Amino acid sequence: MTEQHRVAVVTGASRGAGKGIAEALGATGATVYVTGRTVEEGAAPLPGTVAATAEAVTAAGGKGIAVACDHSDDAQVEALFARVAQEQGHLDILVNNATYVHDALVQTGPFWEKPLSLTEIWDVGMRSHYVSTYYAAPLLLKSQGGLVVNTSSFGGRIYMHGPAYGAGKAAADKMAHDMAVDFKPYNVAVVSIWMGLLLTERTRRVFEAEPDKYADLAGTAEHPQFTGRVIDALARDPQRMAKSGRVLIGAELGEEYGVSDIDGKQPPSHRAFFGPPTEFGDAVVE
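It should be emphasised that the depicted structure is a prediction, and the values quoted were computed from it without experimental measurement. (Residues numbered from 1 in each chain as written. Predicted model: local features only at pLDDT ≥ 70, side-chain atom pairs only at ≥ 80, totals over all residues. Heavy atoms only, no water.)

A.B. asks: Give a description of the overall build of the chain that names residues and reports values.
C.D. replies: Looking only at helices and strands, one finds 10 helices and 7 strands in the chain. Taking 286 residues into account, the globule formula puts the C-alpha radius of gyration at 19 Å, and the chain, at 18 Å, falls close to it. Overall, the C-alpha framework of the chain stretches about 50 × 45 × 40 Å when taken along its three principal axes. A total of 286 residues make up the chain; the buried ones form 52% of that total. Within the chain, residue pairs in contact and separated by at least 24 positions form 71% of the contacts whose partners lie at least 6 positions apart. For the chain, the exposed surface amounts to about 13,400 Å²; the carbon and sulfur share of it is 53%. Taking the average location of the 24 positive side-chain charges in the chain and that of its 34 negative ones, the two points are 2 Å from each other. (Helix = DSSP H or I, 4+ residues; strand = E, 2+ residues; numbered from the N terminus. Rg over C-alpha atoms; globule rule 2.2 N^0.38 Å. Buried < 20%, exposed > 50% of the residue type's maximum accessible area, 1.4 Å probe, protein only. Contact = heavy atoms within 4.5 Å. Areas by Shrake-Rupley, 256 points an atom, 1.4 Å probe, with all protein chains shown as cover. Lys, Arg positive; Asp, Glu negative; His and termini not counted. Charge placed at Lys NZ, Arg CZ, Asp CG, Glu CD.)

In structure tokens form, the structure reads like this:
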């Protein structure tokens, strides 16, 4: 497989982390299928559409293919991978990024004072990662060395935004570990990557509203493309299987692989403040 023939799917890529990851993979010459629900600008509170992301992927040097997909609908997800199978015949990289983000997520207070609908992150996030990987598996097995990445955060280890968010991220991390066991005989690696604070459309809006208040915090943030660069480096690592099943900190992977952010900076790891990644046991009970 050459990089020009690399095929990737990035879910939840209308904007935010997914868009940046897709663009970075496009810069390697990859064909990148980008999914999302937003097909018309203005239909969502934040800017971005799947078509715009696909165009950005192509502009970066790859081939972007937009696929409107609601990841709460299993039939649409199945159709997505059936299309990839028909058009490409294999899949090299799957990035499970689609996640339901409720407007009330960052509200303070106990969980019982927040909307019960915050639990939808268990559907589009936890469950949708499983469903996408389920339908992608036959295509990943046809790759010369597939890679599955669940985008995650330190919220899988610490209290962050409450128990609905934390449970969803912890589940995504554990899912990567367990899927790695099943994929190991087929040379397909599965990891969960903890991203730092991202300069997405959502966070930029907050920073711009109160620039003085968030100046220091903004200085530590990562561009969404950084995670895509890290994923590219991991996919090319001949020893990537040694990392399979693990939870990894994106900033630390970047330092290990010599990958910088698009502004040339090296994003900091937040291990010292939030703690190390979750570690799972080696025992396998079938």
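What follows continues from the structure just given.
A.B. asks: An account of the packing of helix α3 (residues 74-87) against helix α4 (residues 123-140) is needed here, citing residue identities and associated values.
C.D. replies: Put simply, α3 and α4 touch, their axes get as near as 9 Å, and they point 30 degrees apart. Taken together, the axes of α3 and α4 lie roughly parallel to each other. Considering only the axes of α3 and α4, their crossing is right-handed. For the pair α3 and α4, the contacting residues are Asp-74, Val-77, Glu-78, Phe-81, Val-84 and Ala-85 in the first and Arg-127, Val-131, Ser-132, Tyr-135, Ala-136 and Leu-139 in the second. Taken together, the residues of the contact of α3 with α4 break down into 8 nonpolar, 1 polar and 3 charged. (Axes fitted to C-alpha atoms, helices over the stretch in contact; angles between N-to-C directions. Parallel < 35°, antiparallel > 145°, perpendicular 65-115°, else oblique. Left-handed = near helix turned anticlockwise from the far one by under 90°. Nonpolar A, V, L, I, M, F, W, Y, C, P; charged D, E, K, R; others polar.)

A.B. asks: Describe the packing of aromatic side chains, listing the residues and the values that go with them.
C.D. replies: What the rule picks out here adds up to 5 aromatic pairs. Here the aromatic rings of Phe-273 and Phe-274 are separated by 4.9 Å at their centres, their planes lie at 70 degrees, and the arrangement is edge-to-face. Taken together through their ring pairs, the aromatic side chains of Phe-154, Trp-194, Phe-273 and Phe-274 make up a single cluster. Across from the ring centre of Phe-280, 5.9 Å away, lies the NZ or CZ of Lys-174, which sits over that ring. (Phe/Tyr/Trp six-rings, centres within 6.5 Å; stacked < 30°, edge-to-face > 60°. Lys NZ or Arg CZ within 6 Å of the ring centre and 35° of its normal.)

A.B. asks: Pulling in residues and values, what's your account of the sheet that holds strand β7 (residues 247-249)?
C.D. replies: Read across the open sheet, the 7 strands follow the order β3-β2-β1-β4-β5-β6-β7; overall the sheet is parallel. The sheet is open, and its two edges are formed by β3 (63-68) and β7, each paired on a single side. The sheet shows a mean angle of 20 degrees between the axes of neighbouring strands, direction not considered. Sheet topology note: the strand β1 (residues 7-10)/strand β2 (residues 31-36) ladder contains 4 bridges and is parallel. Note on β2: the bridge partner recorded for Val-9 is Tyr-33. Against the sheet, helix α5 (residues 163-183) makes contact with β5 (147-152), β6 (189-194) and β7, and its axis sits at roughly 160 degrees relative to β6, the strand it touches most. Contacting β4 (93-96), β5 and β6, helix α8 (residues 224-236) crosses the sheet at an angle of about 150 degrees to β5. (Pairing = 2+ DSSP bridges.)

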